[in-house]
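Notes for the structure review
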Amino acid sequence: MTTAIPKDNHQPPTALPLSFDNRVAIVTGAGGGLGRLHALELARRGARVVVNDIGGASDGTGGSAGPAQTVVEEIAKLGSEAVADTNSVATTEGGAGIVNTALEAFGTVDIVINNAGILRDKSFHKLDDEQLHSVLAVHLQGAFNVTRPAFIHMREQGYGRIVCTTSNAGLLGNFGQSHYSAAKMGLVGLTNTLAIEGAKHNIKANCIAPMATTRMTEAIFSGDIGDTMNPALVAPVVCFLAHEQCPVSGEVYSAAGGSVARFFIGLTDGYRNPNLTVEDVAANLEKIRDETGYKVLNDALQEVRMTYEKIRDAS
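Below: a short report on this structure. (Residues numbered from 1 in each chain as written. Predicted model: local features only at pLDDT ≥ 70, side-chain atom pairs only at ≥ 80, totals over all residues. Heavy atoms only, no water.)

Bringing the environment of Asn-192 into the picture now. Tracing the sequence through the fold places Asn-192 in helix α6 (residues 178–198). Residue classification places Asn-192 among the partly exposed residues on the basis of a relative accessible area of 30%. Note: C-alpha distance between Asn-192 and Asp-299 (107 residues apart in sequence) is 7.8 Å. (Helix = DSSP H or I, 4+ residues; strand = E, 2+ residues; numbered from the N terminus. Buried < 20%, exposed > 50% of the residue type's maximum accessible area, 1.4 Å probe, protein only.)

Here it is, written out as structure tokens:
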């Protein structure tokens, strides 16, 4: 039995509010943009929040405690608790420091939202080492640096929720963003493995692929498109994925202007020949690429088992 999806502009059925009472959340890059909105929504629903932000420019340069502290003050006005943290996610020490801030202030960490990011766009043939490594350090290594110490604590307490911020640029590619795209797709692989390794410890991990008009995207989204991509409409999806009632793990969700959809990787039925040649591949490319009857797999081993069974049955 399927549940009808409400039509656009219609309100969904009324449900009990989802609370984050007694939960502690870390939100990186929360001094502005999407991270700030995630932090505020979590706090509004009862979470205690570590607001992490170095207070730099969109390219990661500079730094100030002001943005993180401002969000902490906003949260205080909501009647919730928060602490500011200015450690950089780009170093192992910084990631550990962020988690330590949560443990020292609140005694635990239940939720990690890896939102911190920078943009240093450059076409691939002009990309230099500094641009490459700085983007990888914040987006991809940054998620490792924060999540590793948090994951250890989550395993011990038998509970955790992790939300990583990927991008359609990572899932689909985008001109001038090879390093950003590689980092963002890397986060999908990280999330999938965290979902597998965390399952028996009640740790769930998912990805959000947001499209929103923020400081980082204002040059990309403009006019009517920019007006549609309200960043406040991403936070509800992130907060649901961070909630204890979230039933899914290892999945990627697009969120844009109130639209929510799932991204996934599918495997076609393909073509099999125990004596496969280069010419066979060329002659059967259409069948190999045929998306009819594709499968969405749960992990790498499932593909191994499924492919073995197909080869065995065909022989």
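All right, on to the sheet that holds strand β3 (residues 82–85) then. Judged by pairing direction, the sheet is mixed, and its eight strands sit side by side in the order β3-β2-β1-β4-β5-β6-β7-β8 without closing on themselves. With partners counted over all chains shown, the strands left at the sheet margins are β3 and β8 (259–263), one partner each. Going across the sheet, the axis of each strand differs from the next one's by a mean of 20°, ignoring polarity. Sheet contacts for helix α2 (residues 66–77): β2 (48–52) and β3; angle to β3, the most-contacted strand, approximately 175°. (Pairing = 2+ DSSP bridges. Axes fitted to C-alpha atoms, helices over the stretch in contact; angles between N-to-C directions. Contact = heavy atoms within 4.5 Å.)

Time to look at the packing of helix α3 (residues 92–106) against helix α4 (residues 129–157). Look at α3 against α4: their axes get within 7 Å of each other, and the N-to-C directions meet at 45°. Overall, the two elements α3 and α4 adopt an arrangement that is oblique. Handedness of the α3/α4 crossing: right-handed. Between α3, through Thr-92, Gly-95, Ala-96, Ile-98, Val-99 and Leu-103, and α4, the contact on the second element is made entirely by Asn-145, Val-146, Arg-148, Pro-149, Ala-150 and His-153. (Parallel < 35°, antiparallel > 145°, perpendicular 65-115°, else oblique. Left-handed = near helix turned anticlockwise from the far one by under 90°.)

The next subject is the side chain of Ser-80. Among the structural elements, Ser-80 can be located in the loop between α2 and β3. Polar contacts involving the side chain of Ser-80 include one to the main-chain carbonyl oxygen of Ala-43, which spans 2.6 Å. Contacts of Ser-80, omitting those with residues within four sequence positions, involve Ala-43, Arg-44, Ala-47 and Ile-75. (Polar contact = N/O pair within 3.5 Å; in protein donor to acceptor, adjacent residues only side chain to side chain.)

Each aromatic ring pair is characterised by the separation of its centres together with the angle its planes make. A full pass over the atoms with the stated rule returns one aromatic pair. Seen in terms of ring centroids, Phe-264 and Tyr-294 are 5.9 Å apart; in terms of plane orientation they differ by 20°. Their pairing is stacked. Note that Phe-264 is positioned in the loop between β8 and β9 (266–267) and Tyr-294 in the loop between α10 (285–289) and β10 (295–296), a separation of 30 residues in sequence. Using a relative accessible area of 40% as the deciding quantity, one classes Phe-264 as partly exposed. (Phe/Tyr/Trp six-rings, centres within 6.5 Å; stacked < 30°, edge-to-face > 60°.)

A few words now on the state of the cysteines. As enumerated under the stated definition, the model contains zero disulfides in all. With no disulfide of its own, Cys-207 lies closest to Cys-164 among cysteine sulfurs, the gap being 5.2 Å. Accessibility expressed as a relative area gives 0% for Cys-207, which makes it buried. (Disulfide = S-S within 2.5 Å.)

Taken across its six residues, strand β5 (residues 160–165) has six buried, putting it largely inside the fold. Taking every second residue as pointing to the same face, both faces of β5 are buried, with Gly-160, Ile-162 and Cys-164 on one and Arg-161, Val-163 and Thr-165 on the other. Looking at chain direction, strand β4 (residues 111–114) and β5 are connected through four bridges and run parallel. In the sheet register, Asn-114 faces β5, and the bridge partner there is Cys-164. The handedness of the β4 to β5 crossover, carried by α4, is right-handed. Pairing geometry for β5 and strand β6 (residues 203–211), over six bridges, is parallel. (Right-handed = clockwise from strand over helix to strand, strands pointing away.)

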